[in-house]
Each structure stands twice: as C-alpha cells, then as structure tokens.
Amino acid sequence: MKAILGVRGAFDADGAIDALLAQPQTATFIVTKLWREFVSPAPDPGEVRRIADAFRASHYEIKVALRALLLSDAFWDAKSRGTLVKSPVELVVGTLRTLAIDAADTRPIVASTARMGEALFAPPNVRGWPGGDAWINSATLVARKAFVARATRMSMPGNAGVAATGGSMPAAAGVGAFEHLLLPLPPVGQGVAEAAAERDSVAVIRAAMLDPVYQLK
Amino acid sequence: MTIRRRRFIRDIATLTALPFTGIASLTIGACAETPAATSSEAQASVAPGKAPDSIVGTAAGRGSNRAGYRRLLILIELKGGNDGLNTLVPYRDARYYALRPKLAIARDQVVQLSDRAGLHPALAPLLAHWNRGQLAVLQGVGYPAPNLSHFRSIAIWDTASRSDQQLSAGWLTRTFAAAPTPPTFAADGFVIGSYDLGPLDGGARVLTLGNAPRYAATGVDAPGHSVAGPEALVHILRTEADIARAASRLHGTHAFATRFPASPIGNAVLTACNVVAEVEDVAVVRITQNGFDTHANQAATQGRLLGELAQALTALASGLDELHRYDDTLIVTYAEFGRRPHENASGGTDHGTSSVHFALGGRIAGGLYGAPPALESLSRDGNPVHAIDFRSVYATVLERWWGVDSAAVLGGRFDTLPIIRA
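Residues numbered from 1 in each chain as written. Chains lettered and ligands numbered in written order. Predicted model: local features only at pLDDT ≥ 70, side-chain atom pairs only at ≥ 80, totals over all residues.

Chemist: What am I meant to see in helix α2 (residues 24-38) of chain A here?
Modeler: The α-helix advances 3.6 residues per turn, and as a result positions three or four apart in sequence lie on the same side. All names here are of chain A. For α2, with 15 residues, the first-to-last C-alpha span of 22 Å sits near the 21 Å given by 1.5 Å per residue. All of the buried residues along α2 are A27, V31, L34 and W35. Down the axis, α2 shows its buried residues gathered within 105° of arc, on one side only. For α2, the exposed residues set more than 90 degrees away from the buried face come down to Q25 and K33. Each element contacted by the buried residues of α2 is listed here: α3 (45-57) and α4 (62-70). (Helix = DSSP H or I, 4+ residues; strand = E, 2+ residues; numbered from the N terminus. Expected span 1.5 Å × (residues − 1). Buried ≥ 20, exposed ≤ 12 C-beta atoms within 10 Å, placed from the backbone. Arc of directions from axis to C-beta. Contact = placed C-beta atoms within 7 Å.)

Here you go:
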C-alpha cells in the first residue's frame, strides 16, 4: 500500500499516473510548462486556466493544449517575441535548417549541443534541464556563438546554403527581409547595418546570426 | 570582409599543453615550520540538530567586509555524493567492518589521523597538509530531515535552505546581494567544470569555464549595449560583457613551477590557479569533481577519484602558494549527501545523508571537527545523524573568513567552527 496525494492503494505505474491526472493542478502545471517553452517566461494565469480546462476536458490530449496555446492571442502578441532563449537544440537545428546545411556526420553537432549545456539524452539530473535564461552563461554563450560563427563561415562540410543565397543583395529586398526572417527583434549590434550598407547579403546573414538577439525566439 | 563587432579573443585552450618544467615537491614554505597538528580529536562544540540561535564565535567586524573578499573561497563539489565512511575510516569500529563486508578498508591500509580515524589510502597526499596543521576534517556534515534525492538535496545545499523550504537563489548569490563585492572585481565568482552555477545561481556575477578554459574566436565582444528589452536579452548582453571583461585579463599563460595532475580536477585546479594569477580580484571559485555516485563497484571508482582529488588539492595549495595567495585562501569540499553505511549487493553504496568534508588553507587550524558517525545508533532508514549542520560551515565562511553577517543570508544564526586561525 502506498499513498499518493492522499489516495491510498496498491498503485502500479499506471495507477500512480491516474492519481496524478485526477488532480486539476496537473493540467495547469503542464500548460504552464508549455507556455514557458512556446510563448513567454510570464504565463498569463487566466489564459493558462482556460487552456488547462480544455486540456483536461480532452482527457489530456497534448494536441488540444498545444493548439489552444499556439492560437492564443498571447502567442501572436508582438510583446511575446524574443522573450525566450533558444535551447541548444533549437539553436543548432534551426541554424542548420536556415542555412540549408546538410551535415553528413552529426556527431560534431551533438558535441556542440553538449558544450552548450544540452548533452542529448543526458540531462543533468532527473528534473531535466532548467532551460530559459539558464541556457546562457559565459561558457555556453561562447559555445553558442562559436557554433553560429562556424556555421556561417561555411567551414562546415555540406554547407552550400550561405553561398547559394550569396551574391549581391536585391535592392528591393532590403535589410528588413533578412531581419524579419532571422531575428525575433531588431538587432542590437551594428553588424547588420554595416553589412547592409555594403549590400553584401552573406555578410548580413552572418551578422544577423551573430547578433545577440539571434539567441532568442 | 570582416565583421567588426566581433573581437577575436585569444584562444587559451593551449594552456593545458604548457610544458611543465617545475618541481614535483611542495613548496608551502611559509608554513613549513608550523608544528604538526595534534592528532587528538579537537571536537568542535557543535551539537547536532541544535537550534541555530546561539551566537558562538562570530567574527569581529560583522557587516563590514571591506577587506573580506580579498580572501578567496574555493569550493570543491564532490558531485554525486562521496562516501564519507570510506573517506575517513573509523578503523577501530567493529560495526564499520560489519556494515562493509566487501568495501571496508583494512586497518593497516588507512592513513591514520588519530587513534580511531584514518584517511582512505588514496588520500595519502593530504597527510602532508595534516602534518602542517593546515587540514581540517569536518565529520558528519549534514542537515536535519535529510532528502535522499540528488537534485533536491544539492538544491538544499546550494541555497542553504531548510529541508522543507524552497529557495531560488544560491547562498553565495544572497551573500553578494547583501554585501556586494567591490566593482573592480571581474566577477563575484568563477565556476569551473560545471554548467550548473550551484551556490552562485540566481543573480551573482559569475563566469563559467571548462576544466581547461577556452575562449576561442567566438564573436563575443564587449558591446556595451544598454538595451531595454526582454529580460532574456538583458541577461545575454550582461553575460557578453562579463566574458569580455574577464577574457581581457585571463590568458592562462602564467608559468607555474607546480606540476598539475592530468585529471579533470587537475585541469580544473590549474584553471583556478590561472584565474587567481591573472584575474586576481574574485571572491569565489567553485570547482566540480564528477563521478561520486558509486552505486556499483565503488572501490575502484572512489579510489581513483579520491586519489585525483588529493593530488589536485596538493597542486592547488602549491600553485596558490607560488602566487603568495595560500594564506588568504580557504578551500572547502561539499556534496549533496554522503552514502549509506550499509554497502549494497552491487559492491557499492546508495544515497545516504551526512558525510565528511575537508577544509584546507594557509590559515586553517587543522584537526578533526564534528563527530564520527554513530554507527551504533543509525536512524530508522540506516543513516547516521549529522554532527555539523552544513550551514555552520557556511556561517564559518561568512563570519570568520569574510566578516559578513550570516544571519540574514542563512535565515538564522548558526554556530561557526573554530577552523580558521586568527
């Protein structure tokens, strides 16, 4: 006999999960975690309650919770842009996809995420990665910038992406097009503006990706 | 085409490849004449589980730490939970041998410190520190109502919380919030070999380094942006500025005569010595040694780790002495917990509670403190009751080392330990 949240019984693993799911707080807890992952670091209690209710009513279909979350006004609100730090995997996979880099050997990439504090399938403890701002410290930020610098220098095998987009920037596109595609917020460094003045689209992409705001989502 | 905002910071990864022409012997000369510590057990008057209200031996000048942070604190985390019972062996206690049929260390193997306590043989290099009176052995460090989960228990240690209390900021972060380091300091602390900021989590100015620091060409510069934006962006910009400030001073090229062992913690203490040599103004260095969670085949693993620890501590003391900093350095080990006295069926030990820890330094009053685990009166779950509250160790650092008031930081008054010489 064990007691879980005041319920006594001979629980097996499924029984223990049933006891947890019977608690309304479980839906709130999961939706809050999803909010901090996808929307912003400051969950709106009213919205969380609304989505959690729908989630619970669906018998915990994650799809229902995510759909409600991703269609919420808060998700699309400009104020939510750039408020979250990309996880190492988001940063690495996102950069590779953006630059159309097809890495034949993924082992160095896995090693990169480990240097950024996210060793795949090896969380620091059973609680998992703390995430959020904790992704960034003086060691991980160096590793993150080093990866982006390497990716944009085309020194990675299989990187045809930057070169393919290269050449002179179409005058009509303007810097804004790149910024909008690559950055959640206006750049804080001068690099993008400098590269744009030289009409060098490769340099604009590189400068945008090395700007601090590229670390955000 | 260049990217002007990117400043290439000197790659100091080569520091581990520096040729060492130095001597292997220790040169802790300033204290070499100190008479050997008596091996009688200098039991500190710290009662287990006592309410932390009495004021014992608080440092003068509390609240003013004008010179305090020139005194360096080096914390060494024995991550995973080191087995204290095989670290300081009660070699005359028959119950120890009954609890550890496979893992017990024979009486003739231990490095005797007193007529009943001896170090694991791999810790033999620490005997020189002990004989100089510069090694304090803290027995039975723990806390009431212990938690056996790695992450919960280290959170308790890192935040100096009660076991039933959740605090977010580390105990050193709270210290530096209440009594800030001088603005000339490159950082409050350096974290070496861990992405987890531990006691410096939650707002302290921290720089993190690998065991061998690498500031490669990264695009991290000193932008001096001051941007009103999301907290995450402010955090990134602050981190960039910290990296640039430290990197401008830290090159990792100081030539030490000391030979540093080629283990992870050997690299970490070399990095620490380089930080002290080149950055100088920093209050804390936290080093992590991994691998102490010895559920299976403990004997070989713990022997290797303790050997690496003892050699690294010896190199650290020697390197700091070269820099004339050993007399104002306090080195303290800690961990989330110790391990159960009963060995398990896999030749290992499982999560326990209190454990033994070490304090070393030029100003240490050497000896045995606390009390050996009372193996005859284990708790219902088979663990010994702690003899020293870990917050007493922190109070000692705050009051006796830095001269900072500890009550606000620690949420109460904890007895300090007389391990620091005046």
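Here the narrative resumes.
Chemist: Before we go on, may I ask you to explain the nonpolar core in this structure?
Modeler: Note that soluble globular proteins tend to have their nonpolar side chains buried in a common cluster. Counting residues in hydrophobic clusters, the biggest one holds 147 residues, and the most contacted among them are A:A208, B:V137, B:V269, B:A272, B:L316 and B:A359. Counting residues per element, this core draws most heavily on helix α7 (residues 298-322) of chain B, which supplies 10 residues. Sequence-distant contacts of B:A359, that is, excluding residues within four places in its chain, are made with B:A136, B:L138, B:L330, B:I331, B:V332, B:I364 and B:I419. (Core = buried A, V, L, I, M, F, W, Y, C linked by C-beta atoms within 7 Å.)

Chemist: Is there a simple way to think about the sheet that holds strand β3 (residues 111-112) of chain B in this case?
Modeler: The strands that make up a sheet are held in pairs by hydrogen bonds between backbone atoms, and each pair lies either parallel or antiparallel. Residue and element names in this part refer to chain B. Strand order across the open sheet formed by three strands is β2-β4-β3, with antiparallel pairing between neighbours. Edge positions in the sheet fall to β2 (88-90) and β3, since each of these pairs with one other strand and no more. Bridging between β3 and strand β4 (residues 117-119) involves two bridges; their strand directions are antiparallel. Residue Q112 lies in a different strand from β4, and its bridge partner there is G118. (Pairing = 2+ DSSP bridges.)

Chemist: How do you make sense of the interface of chain B and chain A when you look at a structure like this?
Modeler: Interface size is commonly expressed as the accessible surface area that is lost when the partners come together. Taken together, the contact between chain B and chain A spans 35 residues of the former and 36 residues of the latter. No other element matches the 10 residues that helix α5 (residues 231-247) of chain B contributes to the side of chain B that touches chain A. Across the side of chain B that touches chain A, the residue classes tally to 19 nonpolar, nine polar and seven charged. (Nonpolar A, V, L, I, M, F, W, Y, C, P; charged D, E, K, R; others polar.)

Chemist: Could you clarify how one ought to interpret the environment of A:A19 in this entry?
Modeler: Residue and element names in this part refer to chain A. Along the chain, A19 turns up in helix α1 (residues 13-21). Linking A19 and D200, residues 181 residues apart in sequence, is a C-alpha distance of 60 Å. In contact with A19, other than residues within four places in its own chain, are I4, L5, V7 and F11.

Chemist: Got a minute to help me understand unusual backbone geometry in this structure?
Modeler: Negative phi characterises most residues that are not glycine, and trans characterises most peptide bonds. Residues and elements named next belong to chain A. Look at L5: it is not a glycine, yet its phi comes out positive at around 50°. Following the sequence through the fold, L5 ends up in the loop between β1 (2-4) and β2 (7-9). Classification of L5 by C-beta neighbours within 10 Å gives exposed; the count is 11.

Chemist: When you look at the packing of helix α8 (residues 138-152) of chain A against helix α12 (residues 201-210) of chain A in this model, what are you seeing that I'm missing?
Modeler: The relative placement of two packed helices is expressed as an angle between their axes plus a distance between the axes. Residues and elements named next belong to chain A. Contact geometry for α8 and α12: axes closest at 9 Å, N-to-C directions at 170°. Considered as vectors, α8 and α12 are oriented roughly antiparallel to each other. Residue-level contacts link K145, V148, A149 and T152 of α8 to I205, R206, M209 and L210 of α12. Taken together, the residues that form the contact of α8 with α12 break down as five nonpolar, one polar and two charged. (Axes fitted to C-alpha atoms, helices over the stretch in contact; angles between N-to-C directions. Parallel < 35°, antiparallel > 145°, perpendicular 65-115°, else oblique.)

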